[in-house]
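# Per-entry structural report
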Amino acid sequence: MQQKISLKLLPHEAADDAAIKNLIARTTGKKLSAVSGFHLHKKSIDARSRTIWVNLTLNAFIDEPFHERSIQHFNFMDVSKADKKVIIVGAGPAGLFAALQLIELGVQPIILERGKDVRARRRDLAALNKDGIINPESNYCFGEGGAGTYSDGKLYTRSNKRGDIDRILNLFVHFGAEEKILYEAHPHIGTNKLPHIITAMRQLVEDCGGLFLFNQKVTDFSIENNQLKSVKTAAGDTFKADAVILATGHSARDIFELLHHNNILIEAKPFALGVRVEHPQNLIDNVQYHCSPLQTFPGAGGLERPHELPPASYSLVEQVNNRGVFSFCMCPGGIIAPAATSPGELVVNGWSPSKRNNPYANSGIVVSVELEDAINELKKPNGKWKMENENSPLLMMYFQQMVEQQCFAAGGGKFVAPAQRMVDFSSKKHSGSLPQCSYQPGLHSTQLNEVLPSFIYDCLAKGFQAFGKKMKGYFTNDAVVVATESRTSSPVRIPRDNESLHPPQITNLYPCGEGAGYAGGIVSAAMDGERVAKQIAHTLGLISPY
């Protein structure tokens, strides 16, 4: 028989299949020989006390042969001659998973991606990191796979009511991800492995008869009688289809402006903005795992922690001045990267390789920004932006852009980032030197209270001190604060009907994913892409309501 069991083990036990089988036998009262194997369903680490535990939920095979885990089957069809076609603008998670879902439903997807394929994209990232040269169409945000390709591959989401999370994870495994993402509490693929998975998805789309077109930046829409008749690209091409999915991500400012120009309803949306903080990973390990030097783990750069445990992460939140200050996209064993999309603007983000084996830990620490905050900043007499209409739907985008430009200027150019040691930051003290940092373009010591909006700075300064009380050792000058983390989510929302999923004015346009304001990460964006694809298939009469 198969039996679902929950176990609590020490880290060295959880890393040993024989020890797990022994515990299964003891828990069920069976002989060890009766336990033929097990499948993990969930794995999490509990480090709240001095004794660290690993919690496992598993399916044990008892008194019957063990069978390997079965991966979900997907029925991808040949759509090369399909009657129905859908244009997908953007090849990020929302666009890719919408395309895969459409293929299963017998619809031909036509993906228009403004950037390059993952291999060609690497050269543009190298030029950005080493020489400070940015390609506005091919960078950490734009290109095959979207921002998700080079932003760590975290697959954790709380959006379990928006779609089938297990299906999304199984699709990733189908295209080459490790099976452990199916059971880890906070699954993660790694920036080094994501490009191969994204490439495999594109190859499937093409093999099934879908079209995947690069260097096709959408620049205009043709709209007649509340229908989007065609889209035009900078290459001079025009594409027509039965419907258009808009999955451009949170950084496609030109698309937001295009929508506004065409009188398609968009709204300014609150988001979060702040900095990226980097600590030595061994400091975070010692704080989170309560460990003095125990055993060197050579595979992780000589970090001192029990070798069965992964590099430690953290999640922090605090209310400061009646607004939220919180960690965002924490990257253990990670790297800080330049994530701007235009010259003269500075944005930082973080990522980790699959082994998370770099000697630093970084995380966004951000502050919630409401519409009135942006209005107050943009109206300041010495402010660069002058907003005649404070109700503009692009208000938050302009505010975001303003801060990024201020940070670029403070860094001195070539995407060198303004930075400060953490205690110095909270004390408004100039840092005479900066610690080693993973950010490749380099850092420039700057008093960030003179760069960031005052309400952002004040909340961060108090927030760091509060975090230091929650995590002893966190508030330290061994940590460096790098500005600015500003692309946490889209600064606009594209309203759509809750059932039909299209805007009020255009009946065959389907905004989805992070850029439209309906997702907050790879998995939630993928689920939203699938939801939109199913709705289109229903509207086209291919499936019944779901």
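Residues numbered from 1 in each chain as written. Predicted model: local features only at pLDDT ≥ 70, side-chain atom pairs only at ≥ 80, totals over all residues. Heavy atoms only, no water.

## Observations concerning the packing of aromatic side chains
Taken as a whole and assessed by the stated rule, the structure comprises 13 aromatic pairs. Centre to centre, the rings of Phe-97 and Phe-172 are 5.2 Å apart; their planes meet at 55°, and the pair counts as tilted. Pair noted here: Phe-97 is in helix H3 (residues 93-104) and Phe-172 is in helix H5 (residues 165-174), with a separation of 75 residues, a long-range link. Where Tyr-314 meets Tyr-474, the ring centres are 5.3 Å apart and the plane angle is 85°; that geometry is what we call edge-to-face. Pair noted here: Tyr-314 is in the loop between strand E14 (303-304) and strand E15 (317-320) and Tyr-474 is in the loop between helix H12 (454-470) and strand E22 (480-485), with a separation of 160 residues, a long-range link. Both residues of the pair, Tyr-314 and Tyr-474, count as buried. (Phe/Tyr/Trp six-rings, centres within 6.5 Å; stacked < 30°, edge-to-face > 60°. Helix = DSSP H or I, 4+ residues; strand = E, 2+ residues; numbered from the N terminus. Buried < 20%, exposed > 50% of the residue type's maximum accessible area, 1.4 Å probe, protein only.)

## Let's talk about the pairing of strand E19 (residues 360-369)
Across the 10 residues of E19, 10 count as buried, placing the element largely inside the fold. Neither face of E19 is open: one carries Tyr-360, Asn-362, Gly-364, Val-366 and Ser-368, the other Ala-361, Ser-363, Ile-365, Val-367 and Val-369, and all of them are buried. Bridging between strand E12 (residues 271-280) and E19 involves 10 bridges; their strand directions are antiparallel. Pairing of Glu-278 across the sheet is with Asn-362, part of E19. As paired elements, strand E16 (residues 323-331) and E19 share five bridges and run antiparallel to each other. In the strand pairing of E19, Phe-326 is matched with Val-366. (Pairing = 2+ DSSP bridges.)

## A short note on unusual backbone geometry
Glycine aside, the phi torsion of most residues is negative, and most peptide linkages are trans. The peptide bond linking Ala-483 to Thr-484 adopts the cis configuration, its omega dihedral lying at 0°. Assignment of secondary structure puts Thr-484 in strand E22. Located in the positive-phi region is Asn-215, a residue other than glycine, with phi close to 55°. A positive phi angle is found at Asn-226, which is not glycine, with a value near 60°. Among the secondary structure elements, Asn-226 is positioned in the loop between strand E7 (218-224) and strand E8 (227-233). Asn-226 gets classed as partly exposed once you look at its relative accessible area, which sits at 47%.

## Overview of the layout of surface pockets
Its volume calculated, the second largest pocket comes out at about 540 Å³. Among the elements of the structure, strand E2 (35-46) and H5 are those that each provide at least two residues to the lining of the second largest pocket. For the lining of the second largest pocket, the element with the most residues is E2, which contributes five residues. Broken down by class, the residue content of the lining of the second largest pocket amounts to 10 nonpolar, eight polar and six charged. (1 Å grid on protein atoms, 1.4 Å probe; cavity = no way out; pocket = protein on both sides within 12 Å on 5 of 7 lines; lining within 4 Å. Points joined across faces, edges and corners; volume = space filled by probe spheres on them. Nonpolar A, V, L, I, M, F, W, Y, C, P; charged D, E, K, R; others polar.)

## Topic: the environment of Leu-346
Along the chain, Leu-346 turns up in the loop between strand E17 (335-338) and strand E18 (348-351). A relative accessible area of 0% means that Leu-346 is categorised as buried. Leu-346 sits 206 residues away from Tyr-140 along the chain, and the two C-alpha atoms are 12 Å apart. Apart from the residues lying within four places of it in its own chain, the contact partners of Leu-346 are Glu-404, Cys-407, Phe-408, Phe-415, Val-416, Ala-417, Pro-418, Tyr-439, Ala-483 and Thr-484. (Contact = heavy atoms within 4.5 Å.)

## Let's talk about helix H10 (residues 395-411)
The first and last C-alpha atoms of H10 sit 25 Å apart over 17 residues, in line with the 24 Å expected at 1.5 Å per residue. Of all the 17 residues making up H10, 15 are buried; the element is thus mostly covered by neighbouring parts of the structure. Gly-412 sits one or two residues past H10 and shows a positive phi near 95°. (Expected span 1.5 Å × (residues − 1).)

## Looking at the side chain of Gln-400
With respect to the secondary-structure elements, Gln-400 resides in helix H10. Judged by its relative accessible area of 0%, Gln-400 is buried. In this structure the side chain of Gln-400 is engaged in a polar contact, spanning 2.9 Å, whose partner is the side chain of Arg-253. If sequence neighbours within four positions are ignored, Gln-400 has contacts with Arg-253, Phe-271, Ser-486, Arg-487, Ser-489 and Pro-491. (Polar contact = N/O pair within 3.5 Å; in protein donor to acceptor, adjacent residues only side chain to side chain.)

## Quick notes on the sheet that holds strand E21 (residues 443-445)
With mixed pairing, seven strands are arranged side by side in an open sheet as E15-E16-E19-E12-E22-E20-E21. Since the sheet does not close on itself, it has two edges, and those belong to E15 and E21, each with one partner. Direction aside, the axes of adjacent strands within the sheet are offset by 35° on average. Across the face of the sheet, H10 comes into contact with E12, E19, strand E20 (417-421), E21 and E22 while running at roughly 35° to E12. (Axes fitted to C-alpha atoms, helices over the stretch in contact; angles between N-to-C directions.)

## With respect to the pattern of salt bridges
Tallied over the entire structure, the rule returns 20 salt bridges. The shortest N-O distance in the salt bridge between Arg-487 and Glu-345 comes to 3.8 Å. A residue pair is termed long-range when its members are at least 10 positions apart, and Arg-487 in the loop between E22 and strand E23 (492-493) and Glu-345 in the loop between E17 and E18 qualify at 142 residues. The exposure classification of Arg-487 matches that of Glu-345, with both residues buried. Each of Arg-114, Glu-137, Lys-217 and Asp-254 takes part in a single network of salt bridges with overlapping partners. (Salt bridge = Lys/Arg side-chain N within 4 Å of Asp/Glu carboxyl O.)

## So, the nonpolar core
Counting residues in each nonpolar core, the largest one holds 124 residues, and the members touching the most others are Phe-172, Ile-245, Leu-452 and Phe-464. Contact partners of Leu-452, with chain neighbours within four places excluded, come to Val-275, Val-403, Cys-407, Phe-425, Tyr-457, Leu-460, Ala-483 and Thr-484. Cys-141, Val-218, Phe-256 and Met-397 belong to the second-largest nonpolar core, a separate cluster that totals 30 residues. (Core = buried A, V, L, I, M, F, W, Y, C linked by side-chain atoms within 4.5 Å.)

## Looking at helix H7 (residues 253-261)
Within H7, burial applies to Arg-253, Ile-255, Phe-256, Leu-258 and Leu-259. Asn-263 sits one or two positions beyond H7 and adopts a positive phi of about 60°.

These values are about where atoms sit, not about what they do.
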